[in-house]
Amino acid sequence: MLIANTFTCNGTTSSQSGRRNHGSRSLYSILPLVRYQGSELSKMEALLEDFPQDIVHPLKLFDIAKSEKRLLYTLAPMVRYGKLAFRQTVHDYGTDLCWTPMILAKEFNRNRFARDSDLTISTNGPQPPTVVQFGANVPQELARASTLVAPYAGGVDLNCGCPQSWACAETLGAALMEKRELVRDMVVETREYLRRDGWGVGKEKDIDNPKGRSVSVKIRVHKDLRKTMDFITTVLGPSQDRHIDWLTIHPRTRQTPSSTPINVEALEILTTTFGDQVPILLSGDVFTLNSLPFTSPLLDPTNTPTFTSKSISTDNILRQKQQSPLLNIPKLSGLMSARAILANPALYAGYDACPWEALETFMSHLARAPLPFKLVQHHLSEMCAPGMGPNKNALLTKPERNAMLSCTNMVDLVDFLDEKAREKGYGDEFGMRRLV
């Protein structure tokens, strides 16, 4: 069966290891190396090779990225679109840490079907380093859900940033930005539950502990930035023993549309104020590595990406940046991409548009980690359309994308993609390359 190589978080765990024994063969051991840095393993890849059966603490990944003089690269939580096959795909192209889609903690605790459908991970050895994000507004609900996923993920994250009206009406997501004491209580309760179950929640003290787990929060900002600073101060707690492992900031307000650029000035103030106390990730406007709306010492100006469009050059982008000086944000630890990486899973590998190879990689992972057909079509539609960055080249034309969306089953869809691969010279003589 197609799902034989995945499993969900239901069921018992080993009392000694805190997780299932999945066998020794890794899915990645039978895949070609598709990362952009050549055949030499990076420190991040070597770490995952050294611990084939252990879950790596996310703070370890922060440290490794910093030692490599770069920002941490992460996949944002997105409704429906952070499932296993896509997490595996972006991980193949340099994403260090992946978030699941937001899961409602209350339903996850009470409903076995919700647990089966919301969290799927690989049985063939190490999965991409993963953080499970929950939507919750009751400390016990978040804590209980966190103990359920702890054997299978590196950490849990509380969503305080979703601006959708349904979430805010339920006092979830961005509505929690007005309830800082409740958010503090939720992360404190979660840490206590995990500690009682034998997990290491000592942050840096447990960075090398195989049972070390993280607790983090993703937020938006207020119109009055002083309220955001009060919120962070409350949630962080005492400097000698902070309540969260790291903080993700989306520098837009709950009412700000995604078409409005992020508030870089707010990000600079918040990272300057809190960046020495806690690692901080940026979520928002991470479209390509060479078009970020700020500068950082961890952004290497000489490490320019491989462009796929002749109409765009590094000189043009550098000239634009010189005309409009950017703020320097030295205390930012990492990047989180949502819409842009959905359209271009190879974003962190330096591609400014989605390469056909990334689509083939996704389809290969999909064979072992199936998704609902309509969701597959949406993923492919995003990858084949113009991306979020300055390069607007597309793998398929709009009529071709419409024809792809008219397919009614997976067999027809694969046949269609094979045909387009042959027509455009993307694959081999048979069409798409099968990478697994």
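Just so we're clear, the structure is a prediction, and the values are computed from it rather than from any experiment.

Reading guide: rules and limits
- Numbering of residues starts from 1 in every chain and runs along the sequence as written.
- The predicted nature of this model means local features are confined to residues of pLDDT at least 70 and side-chain atom pairs, given and counted, to a pLDDT of 80 or more, with totals for whole chains, interfaces and linings taken over all residues.
- With hydrogens and water stripped out, all remaining heavy atoms of the structure feed into the side-chain values.
- Here an axis means a line fitted to C-alpha atoms, over the contact stretch when the element is a helix, while the angle between two N-to-C directions is reported on a 0 to 180 degree scale.
- Numbering of helices and strands runs from the N terminus; a helix is a DSSP stretch of H or I covering at least four residues, while a strand is a stretch of E covering at least two.
- Angles are sorted into four bins: roughly parallel if under 35 degrees, roughly antiparallel if over 145, roughly perpendicular if 65 to 115, and oblique for all others.
- Left-handed is the label given to a crossing in which the near helix is rotated counterclockwise from the far helix by less than a right angle, and right-handed is the label when the rotation is clockwise.
- By the convention used here, residues are in contact when the closest approach between their heavy atoms is within 4.5 Å.
- Salt bridge, as applied in this entry: a Lys or Arg side-chain nitrogen positioned within 4 Å of an Asp or Glu carboxyl oxygen.
- Buried residues are those whose accessible area, probed at 1.4 Å on protein chains only, stays under 20% of the maximum for their type, while exposed residues exceed 50% and partly exposed ones sit between those limits.
- Centres within 6.5 Å make a pair out of two Phe, Tyr or Trp rings, where for Trp the six-membered ring is used; the pair is then stacked when the planes are under 30 degrees apart, edge-to-face when over 60, and tilted otherwise.
- We call a charge positioned above a ring when the Lys NZ or Arg CZ atom is no farther than 6 Å from the ring centre and deviates by at most 35 degrees from the ring normal.
- The quantity known as pLDDT measures the predictor's confidence residue by residue, on a range of 0 to 100.
- We call a set of buried Ala, Val, Leu, Ile, Met, Phe, Trp, Tyr and Cys residues a nonpolar core when their side-chain atoms join them within 4.5 Å.

Draft legend 1. Structural detail: the packing of helix H13 (residues 356-368) against helix H16 (residues 410-424). One way to put it is that H13 packs onto H16 with a least axis distance of 13 Å and a crossing angle of 155 degrees. By the angle between their directions, the pair H13 and H16 is classed as roughly antiparallel. For the crossing formed where H13 meets H16, the hand is left-handed. Note on element contacts: H16 touches H13 through Met410, Val414, Leu417 and Ala421, opposite Trp356, Leu359, Met363 and Leu366.

Draft legend 2. Looking closely at the pattern of salt bridges. Overall, the coordinates contain 19 salt bridges when judged by the stated rule. Residue Arg184 is joined to Asp185 by a salt bridge in which the shortest nitrogen-to-oxygen separation is 3.2 Å. Accessibility expressed as a relative area gives 34% for Asp185, which makes it partly exposed. For the salt bridge of Asp285 with Arg252, the shortest nitrogen-to-oxygen distance reads 2.6 Å. One end of the pair, Asp285, is in the loop between strand E10 (280-283) and helix H11 (314-323); the other, Arg252, is in the loop between strand E9 (247-250) and helix H10 (264-274), and 33 residues separate them in sequence. Of the two residues, Asp285 and Arg252, neither departs from the other in class, the shared state being buried. Taken together, the shared-partner salt bridges connect Glu400, Lys420, Glu423 and Lys424 into one network.

Draft legend 3. Region of the structure containing the environment of Arg144. By the element assignment, Arg144 lies in helix H6 (residues 139-149). Overall, the relative accessible area of 41% leaves Arg144 in the partly exposed class. With 45 residues separating them along the chain, Arg144 and Glu189 place their C-alpha atoms 9.5 Å apart. Beyond its immediate chain neighbours, meaning those up to four positions away, Arg144 contacts Asn109 and Tyr193.

Draft legend 4. Region of the structure containing the packing of aromatic side chains. Going through the model one piece at a time under the given rule, you end up with seven aromatic pairs. Geometrically, the ring pair formed by Phe108 and Phe134 is edge-to-face, given 5.6 Å between the ring centres and 65 degrees between the ring planes. A residue pair is termed long-range when its members are at least 10 positions apart, and Phe108 in helix H4 (residues 105-110) and Phe134 in strand E6 (residues 130-135) qualify at 26 residues. By relative accessible area, which is 0% here, Phe108 ends up buried. By relative accessible area, Phe134 is classed as buried at 0%. Members of the aromatic cluster, connected to one another through ring pairs, are Phe62, Trp99 and Trp246. For the cation-ring pair, Arg70 lies above Tyr73, with the distance from its terminal atom to the ring centre recorded as 5.0 Å. Over the ring of Tyr193 we find Arg196, and its NZ or CZ is 4.7 Å from the ring centre.

Draft legend 5. Highlighting the confidence of the model for the protein chain. Scored by pLDDT, the protein chain comes out at a mean of 84, with 81% of its residues at no less than 70. Long-range and interchain partners of residues 1-41, a stretch whose pLDDT sits below 50, account for 98 contacts in this model, where long-range means more than four residues apart. Counting interchain partners and residues more than four positions distant, the pLDDT-below-50 stretch residues 302-322 has 30 contacts.

Draft legend 6. Up close: the nonpolar core. Counting 96 residues, the largest nonpolar core has Phe134, Val217, Leu335, Phe362 and Leu417 as its most contacted members. Once residues within four sequence positions are removed from consideration, Phe362 is found in contact with Ala85, Phe86, Thr89, Leu371, Val376, His379, Leu380 and Met383. Core analysis: the next-biggest nonpolar cluster, separate from the first, contains 14 residues, Leu59, Ala76, Leu97 and Ile207 among them.

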